[in-house]
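Understanding the architecture of this molecule
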Amino acid sequence: VQLQAYGGGLVQSGDSLRLSCVASGRTFRSYTVAWFRQSPGKEREFVAAIRWRDSITSYAGSVKGRFTISRDNLKNTVDLQMNSLKPEDTAVYSCAASQGVIVSSMSTHTTYHYWGLGTQVTVSS
């Protein structure tokens, strides 16, 4: 599965952005798709994940209530709506996918076999 993340950009604090993760070659139907982010000097951080077959979601505490992950059956994308952005949300955001993910493992980066190139999100204060 080849993944590609889109939608990053430069915004101001309080603004919104919508990221999309697209899979080429197959559908997300049997996959769990997650977003991770990484900023310079920091470890990769889990953001959110969704299990396609039952729409179970998981969020990092730092984004809960501000970010929403969703799936689009027609476009075969997983989107991350990011509202009330803060400077600390600045990072490269990457999407990842894998099959057979249990809920307790959704936030662990080693769970995911397929990774896409990231998209830069920069939030200015």
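Attention now moves to the pattern of salt bridges. Tallied over the entire structure, the rule returns seven salt bridges. A salt bridge links R18 to D79; its shortest N-O distance comes to 3.4 Å. Taken together, the positions of R18 in strand β3 (residues 17-24) and D79 in strand β8 (residues 77-82) put the pair 61 residues apart, joining distant regions of the chain. Overall, the relative accessible area of 41% leaves R18 in the partly exposed class. Owing to a relative accessible area of 2%, D79 belongs among the buried residues under this scheme.

With 37 residues, the main nonpolar core has F28, W35, L80, M82 and Y93 as its most contacted residues. Mapped onto this core, the elements with two or more residues apiece are β1 (2-6), β3, β4 (31-38), β5 (45-51), β7 (67-72), β8, β9 (91-99) and β11 (119-124). Not counting residues up to four positions away in its chain, the partners in contact with M82 are D15, S16, L17, L19, R66, F67, Y93 and V121.

Burial within β5 is extensive, with six of its seven residues counted as buried. Looking at chain direction, β4 and β5 are connected through six bridges and run antiparallel. Residue pairing across strands places R37 opposite E45, the latter belonging to β5. If you look at the hairpin formed by β4 and β5, you'll find six residues sitting between the two strands, and G41 has a positive phi there, around 80°. Of the pairings in the sheet, the one linking β5 to strand β6 (residues 56-59) comprises four bridges and is antiparallel in character. Counted as the bridge partner of A48 is Y59 from β6. Connecting β5 to the antiparallel partner β6 that follows it, the hairpin turn spans four residues, and S55 within it adopts a positive phi of roughly 60°.

Conventions we followed
Residues numbered from 1 in each chain as written. Predicted model: local features only at pLDDT ≥ 70, side-chain atom pairs only at ≥ 80, totals over all residues. Heavy atoms only, no water. Salt bridge = Lys/Arg side-chain N within 4 Å of Asp/Glu carboxyl O. Helix = DSSP H or I, 4+ residues; strand = E, 2+ residues; numbered from the N terminus. Buried < 20%, exposed > 50% of the residue type's maximum accessible area, 1.4 Å probe, protein only. Core = buried A, V, L, I, M, F, W, Y, C linked by side-chain atoms within 4.5 Å. Contact = heavy atoms within 4.5 Å. Pairing = 2+ DSSP bridges.

Remember, this is a structural readout, not a statement about activity or role.
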